[in-house]
Amino acid sequence: MPSVDICFSPELLPLYDLRGKVAVVVDILRATSSIVTALANGVTHVFPVAELAECAALGQQHGCLTAAERDGRAAEGFDLGNSPFGYLPGGRLPVRGRAVAISTTNGTLALRRSLAADAVVVGAFLNLQAVADFAQAQQKDVVVVCAGWKGKFCLEDTVFGGALAERLAATFDVTSSDDTLAALHLWQQARPDLHAYLLQSSHVRRLNSLEANKDFDFCLRLDEYPTTLPVWQDDRLVAAG
Ligand SMILES: O=C(O)[C@H](CS(=O)(=O)O)OP(=O)(O)O
Ligand SMILES: [Mg+2]
């Protein structure tokens, strides 16, 4: 039976051999929620890069939109920040049919560090079912790579790992590693009122201080895009199928 593991931070990735496995990269607040929203709303593909300079260069090279954030704020000189609302109808710029190069504090770094996996997909509460369906179809070991915060553990990404483990529990081993058990327990605590539970997280306090409450509410919507699955292909993320 394949297993589900939760890697709490990209700093711990050297302890997980991703070869032959499915990596589910998650940064609920906000990078992977934004990427899912982008592809669900007509963005053709996403180039996730760690550095701002590379993001700007890709924008020039491909004539694509650029999205960048540092310390919770939109970085200067880029088309968009890290808010999912940038990709929703009525956002600052039309995005349908455009590609986007994106660089954020934690999420894009986690993605770049996960490329040794057989398949790399992007997870969020918004597309939880799409991720679960993909994992079920692959029947390979899954590692949930939590973006965390600047190398440290974060609550919201781990709770997502627990939610995914619960959906896979019938056909995956979700009880033999302590990391997955811990994530499951946190999810079980959070599930009755995910919003209230995650209000305790440090990221929410950072977002609140930057007046991004509506981003928090949106990123916690379960299965808003149940069939949108960003998958890594060559040098970019595209929607599966
Ligand atoms: O923009 C975000 O929500 C965060 C910024 S930080 O964690 O508050 O510094 O970036 P992300 O890469 O999406 O975690
Ligand atoms: Mg984050």
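Residues numbered from 1 in each chain as written. Chains lettered and ligands numbered in written order. Predicted model: local features only at pLDDT ≥ 70, side-chain atom pairs only at ≥ 80, totals over all residues. Heavy atoms only, no water.

Under the annotation held in an unreviewed UniProt entry, the protein carries the name Probable 2-phosphosulfolactate phosphatase and is attributed to Hymenobacter busanensis. Under Cofactor (unreviewed entry), UniProt gives the following word-for-word description of the protein: "Mg(2+)". In its Catalytic activity (unreviewed entry) section, the UniProt entry covering the protein states "(2R)-O-phospho-3-sulfolactate + H2O = (2R)-3-sulfolactate + phosphate". (UniProt positions renumbered as here; feature names shortened; annotations may be inferred.)

K.L.:
What is the right way to read the site of ligand 1 from this model?
P.N.:
As a structural note, the neighbourhood of ligand 1 is formed by 15 residues, with Arg30, Glu69, Asn82, Thr104 and Asn106 the closest of them. The class makeup of the residues in the shell around ligand 1 is three nonpolar, seven polar and five charged. (Near = heavy atom within 4 Å. Nonpolar A, V, L, I, M, F, W, Y, C, P; charged D, E, K, R; others polar.)

K.L.:
What is the right way to look at the coordination of the magnesium ion (ligand 2) in this model?
P.N.:
Angles at a metal have ideal values that depend on geometry: 109.5 degrees with four tetrahedral donors, 90 or 180 degrees with six octahedral donors. Within the protein, the atoms that donate to the magnesium ion (ligand 2) are Asp27 (OD) and Leu29 (O), at distances of 2.1 Å. Like Leu29, Asp27 is buried. (Donors = N, O, S within 2.8 Å, 3.2 Å for Na, K, Ca; no water. Buried < 20%, exposed > 50% of the residue type's maximum accessible area, 1.4 Å probe, protein only.)

K.L.:
Can you walk me through the packing of aromatic side chains in this structure?
P.N.:
For any pair of aromatic rings, the description consists of the separation of the ring centres together with the inter-plane angle of the planes. By the definition in use, this model includes four aromatic pairs. Centroid distance Phe85 to Phe218: 5.4 Å. Interplanar angle 55°. Geometry classified as tilted. Linking Phe85 in the loop between strand 5 (73-74) and strand 6 (100-103) with Phe218 in helix 9 (residues 213-219), this pair joins segments that are 133 residues apart in sequence. Residue Phe218 is classed as buried on the basis of its relative accessible area of 4%. Through a chain of ring-to-ring contacts, the aromatic side chains of Phe125, Phe160 and Trp187 assemble into a single cluster. In this structure, Lys214 packs its charged tip against the face of Phe85, placed 4.2 Å from the ring centre. (Phe/Tyr/Trp six-rings, centres within 6.5 Å; stacked < 30°, edge-to-face > 60°. Helix = DSSP H or I, 4+ residues; strand = E, 2+ residues; numbered from the N terminus. Lys NZ or Arg CZ within 6 Å of the ring centre and 35° of its normal.)

K.L.:
Which parts of the structure should I look at to understand the nonpolar core?
P.N.:
Where a protein is soluble and globular, its nonpolar side chains tend to be buried together. By size, the foremost hydrophobic cluster in this structure holds 78 residues, and its most contacted members are Phe125 and Val144. Residues Phe47, Cys64, Ala68 and Phe78 belong to the second largest nonpolar core, which totals ten residues. (Core = buried A, V, L, I, M, F, W, Y, C linked by side-chain atoms within 4.5 Å.)

K.L.:
I tried to follow the packing of helix 5 (residues 155-168) against helix 6 (residues 178-190) on my own but got confused; where do I start?
P.N.:
For the pair helix 5 and helix 6, interaxial distance at closest approach is 7 Å and the crossing angle is 95°. What the angle tells us is that helix 5 and helix 6 run roughly perpendicular. Here Leu155, Thr158, Val159, Gly161, Gly162, Ala163, Ala165 and Glu166 of helix 5 come into contact with helix 6, specifically with Thr180, Ala183, Leu184, Leu186, Trp187 and Ala190. Partitioned by chemical class, the residues of the contact of helix 5 with helix 6 number nine nonpolar, four polar and one charged. (Axes fitted to C-alpha atoms, helices over the stretch in contact; angles between N-to-C directions. Parallel < 35°, antiparallel > 145°, perpendicular 65-115°, else oblique. Contact = heavy atoms within 4.5 Å.)

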